[in-house]
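Spelled out, the chains give:
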Amino acid sequence: MGVAMHAKSDSDTSIDASSPPRSPRRTLYYVQSPSHSHHDAEKMSYASSPFASPPHPHYHCSPIHHSRESSTSRFSAAALKLNHPATWKRLQHRRHHDGGEDDGEEDDDELGPGRGSAMRFYVVCFVLSFVVLFTVFSLILWAASAPYQPKIFVQGMVFQSFNTQAGMDDSGVPTDMLTLNSTVRIFYRNPATFFGVHVTSTPLELHYYQLKVATGYMKKFYQSRKSQRVVVTVVSGNQVPLYGGIPLLSGAKDHLESVSVPLNLTFVMRSRAYILGRLVKPKFYSSITCQVTLEGNRLGKHLNLANSCIHKE
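Because the structure is a prediction, the values reported are computed rather than measured.

**Q** Which parts of the structure should I look at to understand the packing of aromatic side chains?
**A** In this description, a pair of aromatic rings is defined by centroid distance and the angle of the planes. With the rule as written, the count across this model stands at nine aromatic pairs. Consider the rings of Phe 195 and Phe 284, whose centres lie 6.5 Å apart with planes at 5°: the pair is stacked. Here the residue Phe 195 occupies a position in the loop between strand S2 (174–190) and strand S3 (197–201), and Phe 284 occupies one in strand S9 (residues 283–295), the gap between them amounting to 89 residues.

Structure (structure tokens):
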């Protein structure tokens, strides 16, 4: 019996010696996923078991491990976005900036409408301010130019000749016809210190009451600042039908040197200045009426009209 037992122990020992040694049991590691799904737990345990996975030293780098990390990061980002939206925006902006993305376009989208509105507001304010300032400045210039009314004097008039003779008008009606030649001397002065004026005039007319006997046209001219001139204008009438309107001349054909006919000289002088181009245009009007007497014995002599004229401005 003792031999049998010894033999058994030897066989057992031989069998034990011939069998391969068992590998030590590996320790299982579990990582809990935020989703807590039973399906992920089974996949994790199956991948961690020594029978399902090959003896591989880098089993922790399996795709299942990556899916756990990605799901964890997505859960953390979602929680951060829900709890702290401002912090999430800052992190997103920093990530775009570090990653080289087009964060300038996002800044333009966020700040563009505000900048555009501010720019439009500044432009409108500038335009309105410019218009107001320019209007005020123009009014100041216009008011400053008002006292510089041109000085106009009719110095005198000279009748060179006049004559009456029988004739007919355009319709064939017989009547006395008057021919008259004269010149008018007008003194003009521009007292303005900062602008010149352009001067024009209405026709110079000689009237015997309502009957016009002579007409003259003064040439327009430009008068610079603080300057003066004398304008000589011819006033004449050629074959003017009288229709008996001047009785003093009806029977004086042979003794015209003794004739004395009262006449009125009327005209309006217009002066216009251009300041700042044509933006500020002060205007000056002077209506002049002079009483003059046509005397047959003073032909060719100067008649002083300095105190015989009325000026209306």
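Having seen the model, we can carry on.
**Q** I keep staring at unusual backbone geometry and nothing clicks. Help me out?
**A** For residues other than glycine, phi is negative in most cases, and the peptide bonds are mostly trans. Non-glycine residue Tyr 209 carries a positive phi angle of around 55°. Topologically, Tyr 209 is positioned in the loop between strand S4 (204–208) and strand S5 (211–216). The exposed category is assigned to Tyr 209, whose relative accessible area is 61%.

**Q** Sorry if this is basic, but what is going on with a nonpolar patch on the surface here?
**A** Together, Met 119, Val 123, Phe 126, Val 127, Phe 130, Val 131, Phe 134, Phe 137, Leu 276 and Leu 279 make up a nonpolar patch on the protein surface, roughly 970 Å² of accessible area in all. Turning to its location among the elements, Val 123 is positioned in helix H5 (residues 103–145).

**Q** Explain the side chain of Ser 286 here, please?
**A** One can find Ser 286 in strand S9. With residues near it in sequence (within four places) discarded, Ser 286 still touches Ile 152, Phe 267, Val 268, Met 269, His 311, Lys 312 and Glu 313.

Scoring rules and cut-offs
Residues numbered from 1 in each chain as written. Predicted model: local features only at pLDDT ≥ 70, side-chain atom pairs only at ≥ 80, totals over all residues. Heavy atoms only, no water. Phe/Tyr/Trp six-rings, centres within 6.5 Å; stacked < 30°, edge-to-face > 60°. Helix = DSSP H or I, 4+ residues; strand = E, 2+ residues; numbered from the N terminus. Buried < 20%, exposed > 50% of the residue type's maximum accessible area, 1.4 Å probe, protein only. Patch = residues over 30% accessible without salt bridge, like charges linked within 9 Å, V, L, I, M, F, W, Y side chains within 5 Å. Areas by Shrake-Rupley, 256 points an atom, 1.4 Å probe, with all protein chains shown as cover. Salt bridge = Lys/Arg side-chain N within 4 Å of Asp/Glu carboxyl O. Contact = heavy atoms within 4.5 Å.

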